[in-house]
Amino acid sequence: MRSYVLELPNNKLRVILYTGKGGTGKSVIACATGLKTASIGYKTLIISSDPAHTLGDAFEKKITDLPTMVFKNLWAIQIDPIKEMEKNYSMIQEWLASLLSAKGIEETLAYEIASLPGMTHLFALLKIEELAKEQQFDVIILDTVPSGEALRYLYFPKLFGSISRKLISLAGSIAGIARFIEPIVGLPAPKKEVFKSEVELIKRLENLGEILKDADTTSLRLIANPDAFSIENARRTLIFSSLYGINVDLVIINKIIPEKVNDPYFNNWIGLQKKWLSEAEVSFYPLPIKRLMLFDSELKGIEMLKRSGDELFTNEDPTKIYFKGSPFKIINEENKLTLIVKVPFVSKEELKEVERIGDELLVKVNTEVGDIIRVIPLPTVALRMKLSKAKLLNNELQISFVDEYERK
């Protein structure tokens, strides 16, 4: 019987978001984590909005849109994003669609436009806010959509929350004025119920934002395979999460071929994986990295998922916050942006080159085993800027960009 040091205080909710490129193993790792936390004694819920119903496949059990018990202390729920959107957004959507129809847009197309890109994923995230208020679970684990998509929607609460109080105070008067001018402008005015629905939605988005940006409550965990594409995807997710204020506490490299495999067919793959694992150590520092081997059979069913969770976390409590902070800091000043990157144990002599190629920054460091290149995706705001200078100070590389347009 293993003993654990429990990390979670009483009555404290823990939210863990797993994200990564499609096919990296997000769903399986989410399920394995849930089994581990449940076996320790935490009441755990796993949420997925994947239309492929991956939770049901992993647990080999039918999972519905209501919490389904799959193991002692463990429940799973398969969100239908369309239903969630209808429940939270239908009244607003109908008014927007009627507005577009009044402007001559065909009704079917009007409803499509009124749905807005990414709304289904946003309402899947809102399930966290709903469940947090109910306080039925100690741990909520979300198997999210692939990285780039997920993080865009994590920023919505901040966007909407900044205007929520103004809308709440003005909602009643706006509704009255809107009904008065409806005959004049010839457009359908929103009813008070629409404003009420919108205000409630914004309040919930604000609550969701507070949950997601609380590093003591929520962690985003990156999953990648030891290959170029998924590690590049995880790099981008890491820097975007810094922009959005979401704490990334762990990177998991999944599906590593064990070195004991000595079949000549896999020798080249093993060599390539070693290269990418080394790159990951550099790219994600100072985040801790866990490695999970490629198993000799499909990860389906309770026993195989348990085996995966034990391999990944051993005697640790998965609710542990493995890291708090950000490997990147972005300082945005007038006409200037400074990107600060932690580069420990690197001297000025070893820092060989800092080069910008397109939307990426390449930092080349000379080591005993040759040059190591750290690839840093740049935020969108830097794309119109020119690399000005780079300096190494107190184990931090400070890279400055200036706005070429403003300088002219």
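Please read these numbers as outputs of a predicted model, since none were measured by experiment. (Residues numbered from 1 in each chain as written. Predicted model: local features only at pLDDT ≥ 70, side-chain atom pairs only at ≥ 80, totals over all residues. Heavy atoms only, no water.)

Visitor: For this particular structure, what's the right way to read the sheet that holds strand β2 (residues 44–48)?
Guide: Sheet strands pair by backbone hydrogen bonding; their relative direction is either parallel or antiparallel. In space, the eight strands of this open sheet follow the order β3-β4-β2-β5-β1-β6-β7-β8, with mixed pairing throughout. With partners counted over all chains shown, the strands left at the sheet margins are β3 (68–71) and β8 (289–293), one partner each. Averaged over neighbouring strand pairs, the angle between their axes works out to 25 degrees when direction is ignored. Together, β1 (14–20), β3, β6 (218–224), β7 (248–256) and β8 form the strand contacts of helix α11 (residues 302–313), whose direction differs from that of β8 by roughly 140 degrees. (Pairing = 2+ DSSP bridges. Helix = DSSP H or I, 4+ residues; strand = E, 2+ residues; numbered from the N terminus. Axes fitted to C-alpha atoms, helices over the stretch in contact; angles between N-to-C directions. Contact = heavy atoms within 4.5 Å.)

Visitor: Teacher, can you tell me more about the sheet that holds strand β9 (residues 328–333) here?
Guide: What the four strands build is an open sheet, ordered β9-β10-β15-β14; its pairing is antiparallel. Looking at strand neighbours, the two that pair on one side only are β9 and β14 (385–393), the edges of this open sheet. Taking each pair of neighbouring strands and ignoring which way they run, the sheet shows an average axis angle of 15 degrees. Where strand β10 (residues 336–342) lies against strand β15 (residues 396–403), seven bridges are found, and the strand directions are antiparallel. Bridging across to β15, I340 finds its partner in Q398.

Visitor: Whenever I open this one, unusual backbone geometry confuses me. Can you help?
Guide: Glycine aside, a negative phi is what most residues show, and trans is what most peptide bonds show. In this structure, P286 follows Y285 across a cis peptide bond, with omega equal to 5 degrees. Position of P286 among the secondary structure elements: in the loop between α10 (264–283) and β8. Despite not being glycine, E60 has its phi angle at roughly 55 degrees, a positive value. Here T314, not a glycine, exhibits a phi torsion of approximately 45 degrees, which is positive. Structurally, T314 can be placed in the loop between α11 and β9.

Visitor: Explain the packing of aromatic side chains to me, please; I cannot follow it from the model alone.
Guide: Each pair of aromatic rings is reported with the distance of its centres and the angle of its planes. Applying the stated criterion across every chain yields a total of two aromatic pairs. For the pair W75 and F137, a centre-to-centre distance of 5.6 Å together with 70 degrees between the ring planes defines the contact as edge-to-face. Separated by 62 residues along the polypeptide, W75 in strand β4 (residues 74–78) and F137 in the loop between α5 (119–134) and β5 (139–143) bring together distant segments of the chain. F137 carries the same exposure label as W75, and that label is buried. Note on Y265 and F266: the rings are 5.3 Å apart at their centroids and 85 degrees apart in plane angle, and the pair reads as edge-to-face. Y265 gets classed as exposed once you look at its relative accessible area, which sits at 64%. The class for F266 is partly exposed, based on a relative accessible area of 31%. The ring of W276 carries the charged tip of K275 above its face, separated from the ring centre by 4.0 Å. (Phe/Tyr/Trp six-rings, centres within 6.5 Å; stacked < 30°, edge-to-face > 60°. Buried < 20%, exposed > 50% of the residue type's maximum accessible area, 1.4 Å probe, protein only. Lys NZ or Arg CZ within 6 Å of the ring centre and 35° of its normal.)

Visitor: Would you mind showing me how to read the confidence of the model for the protein here?
Guide: Low pLDDT means the predicted atomic positions in that stretch should not be read closely. Summarising the model, the protein shows a mean pLDDT of 77, and 69% of its residues fall at 70 or more. Ranking the elements of the protein by mean pLDDT puts helix α7 (residues 156–185) last, at 48, and helix α1 (residues 26–40) first, at 95. Low pLDDT, under 50, characterises residues 161–175; the stretch is placed with 14 contacts to residues that sit more than four places away or in other chains. Low pLDDT (under 50) marks residues 180–189, which in the prediction has 13 contacts with non-local residues, meaning those over four places away or in another chain. (pLDDT = per-residue confidence, 0-100.)

Visitor: How should I be thinking about the nonpolar core in this particular structure?
Guide: In summary, soluble globular proteins display a tendency toward joint burial of nonpolar side chains. Counting residues in each nonpolar core, the largest one holds 59 residues, and the members touching the most others are I47, I128, F284, L339, I376 and F401. Here the element with the most residues in this core is α5; it accounts for eight residues. Setting aside residues up to four positions removed in sequence, L339 forms contacts with I239, F328, K329, I330, L361, I376, L378, L397, Q398, I399 and F401. If you look at the next biggest cluster of nonpolar residues, it comprises 31 residues, including I16, L74, V139 and L305. (Core = buried A, V, L, I, M, F, W, Y, C linked by side-chain atoms within 4.5 Å.)

Visitor: Whenever I open this one, the side chain of T24 confuses me. Can you help?
Guide: By the secondary structure assignment, T24 is in the loop between β1 and α1. Separated by 2.8 Å, the side chain of T24 and the backbone oxygen of K21 make a polar contact. If we ignore the near neighbours within four places in the chain, the residues touching T24 are I223, A224, N225, S230, N254 and K255. (Polar contact = N/O pair within 3.5 Å; in protein donor to acceptor, adjacent residues only side chain to side chain.)

Visitor: What should I look at first to understand α1 in this one?
Guide: Because an α-helix packs 3.6 residues into every turn, residues spaced three or four apart end up facing the same way. Over its 15 residues, α1 runs 21 Å from end to end, which matches the ideal 21 Å to within 8%, given 1.5 Å per residue. The buried fraction of α1 amounts to 13 of the 15 residues, a majority that puts the element mostly inside the structure. Backbone geometry just after α1 places G41 at a positive phi near 130 degrees. (Expected span 1.5 Å × (residues − 1).)

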